[in-house]
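Residues per chain, in single letters:
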Amino acid sequence: MKVSEMLRHVDHTKLQAFTAWQDIVKLCEEAIRFRTASVCIPPAYIRRVHETYGDKLNICTVVGFPLGYSATAAKAAEIEQALKDGCNEIDMVINISDVKNGDYDKVKAEIATLKKCCGQHVLKVIVETCYLTEEEKIAMCRAVTEAGADYIKTSTGFGTGGATKEDVELFKKHIGPNVKIKAAGGVSSLDDLAMFLELGCDRVGTSKAVALCEEMDLEAEYGKY
């Protein structure tokens with residue numbers, strides 16, 4: 001797969017607490033040039049990015065991030081504001097405490113509620129695999145599928161671990177046919193990016209994809225920078 005094709009599956013991401021506007025501008029300009037699937041940015045920047053770049057960018061943001069244990073109503077309010085500000089895709093974090101309590105139906109109900117808030121907009125569900133047992137991961141595959149979400153996503157990138165080959169393969173066995181996979185966290189090389197796409201991920205979330213390409217000669221594909 002050509003680098004340009006791989007980058008079209010990347011959610012180009014900048015979510016650190018200390019992210020400044022100049023960092024967001026750099027992210028957005030790179031996303032436009034390399035035609036990434038989206039930019040994934042802090043909610044506070046959505047309106048400004050939308051006003052600055054309009055339809056040049058597909059804007060993604062995070063909800064209940066990164067710990068997931070805020071109330072469902074609070075997550076719904078975050079989604080409502082994000083969509084109003086110009087966001088197209090939502091990456092929500094499940095309530096991991098509910099998973100640990102074995103209350104899988106409650107997790108499924110929250111996902112269904114938030115998908116209803118999203119309407120036709122894309123909802124990706126972050127299950128934070130580093131904290132889950134295999135049984136819990138399988139239960140989350142069922143919850144995401146039955147709740148009608150669009151994607152299951154491995155990680156926030158802020159936990160104790162990120163995406164793994166084994167977790168993606170497990171997801172593929174247990175999600176429904178209408179659910180896609182997003183790998184995130186620890187994607188640190190082009191080989192990683194290629195591996196996750198070859199495994200069947202539709203999206204890969206990373207802040208490093210463009211930087212990984214800097215030493216390559218991409219002028220033929222993108223023109224001079």
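(A) A look at the side chain of D85. Examined against the element boundaries, D85 turns out to sit in helix α4 (residues 72-85). Within the structure, the side chain of D85 is placed 2.6 Å from the side chain of R47, a separation counted as a polar contact.

(B) Seen up close, the side chain of K115. With respect to the secondary-structure elements, K115 resides in helix α6 (residues 104-118). Using a relative accessible area of 15% as the deciding quantity, one classes K115 as buried. A polar side-chain atom of K115 sits 2.9 Å from the main-chain carbonyl oxygen of H121. Excluding its chain neighbours within four sequence positions, the residues that come into contact with K115 are H121, L123, A147, G148 and D150.

(C) Structural view of the nonpolar core. Ranked by internal contacts, the top residues of the largest apolar core, which has 63 residues, are V49, I94 and I111. Residues in contact with I111, not counting those within four places in the same chain, are M92, I94, L123, V125, A143, V144, A147 and A149.

(D) Molecular detail of the environment of G186. For G186, the position within the fold is in the loop between β7 (180-184) and α9 (190-198). Residues G186 and R35, 151 residues apart in the sequence, show an inter-C-alpha distance of 22 Å.

(E) Focus on the layout of surface pockets. Taken as a whole, the largest pocket holds about 320 Å³ of empty space. Together, 20 residues line the largest pocket, and T13, T156, G157, T206 and S207 are the ones closest to its centre. Of all elements in the fold, only β7 and β8 (203-206) reach the threshold of two or more residues within the lining of the largest pocket. Here the residues of the lining of the largest pocket sort into five nonpolar, 11 polar and four charged.

(F) Focus on the sheet that holds strand β2 (residues 38-41). The eight strands lie next to each other as β1-β2-β3-β4-β5-β6-β7-β8, forming a closed barrel whose pairing is parallel. For this sheet the average axis-to-axis angle between neighbouring strands, irrespective of direction, equals 25 degrees. Summarising the sheet, strand β1 (residues 10-13) and β2 pair through three bridges and their orientation is parallel. In the strand pairing of β2, D11 is matched with S38. Of the strands in this sheet, β1 and β2 touch helix α2 (residues 21-34), which is tilted by about 165 degrees from β2. Across the face of the sheet, helix α3 (residues 46-53) comes into contact with β2 and β3 (59-63) while running at roughly 180 degrees to β3.

Calculation rules
- Residues numbered from 1 in each chain as written.
- Predicted model: local features only at pLDDT ≥ 70, side-chain atom pairs only at ≥ 80, totals over all residues.
- Heavy atoms only, no water.
- Helix = DSSP H or I, 4+ residues; strand = E, 2+ residues; numbered from the N terminus.
- Polar contact = N/O pair within 3.5 Å; in protein donor to acceptor, adjacent residues only side chain to side chain.
- Buried < 20%, exposed > 50% of the residue type's maximum accessible area, 1.4 Å probe, protein only.
- Contact = heavy atoms within 4.5 Å.
- Core = buried A, V, L, I, M, F, W, Y, C linked by side-chain atoms within 4.5 Å.
- 1 Å grid on protein atoms, 1.4 Å probe; cavity = no way out; pocket = protein on both sides within 12 Å on 5 of 7 lines; lining within 4 Å.
- Points joined across faces, edges and corners; volume = space filled by probe spheres on them.
- Nonpolar A, V, L, I, M, F, W, Y, C, P; charged D, E, K, R; others polar.
- Pairing = 2+ DSSP bridges.
- Axes fitted to C-alpha atoms, helices over the stretch in contact; angles between N-to-C directions.

Everything listed here is a matter of geometry and, on its own, says nothing about what the molecule does.
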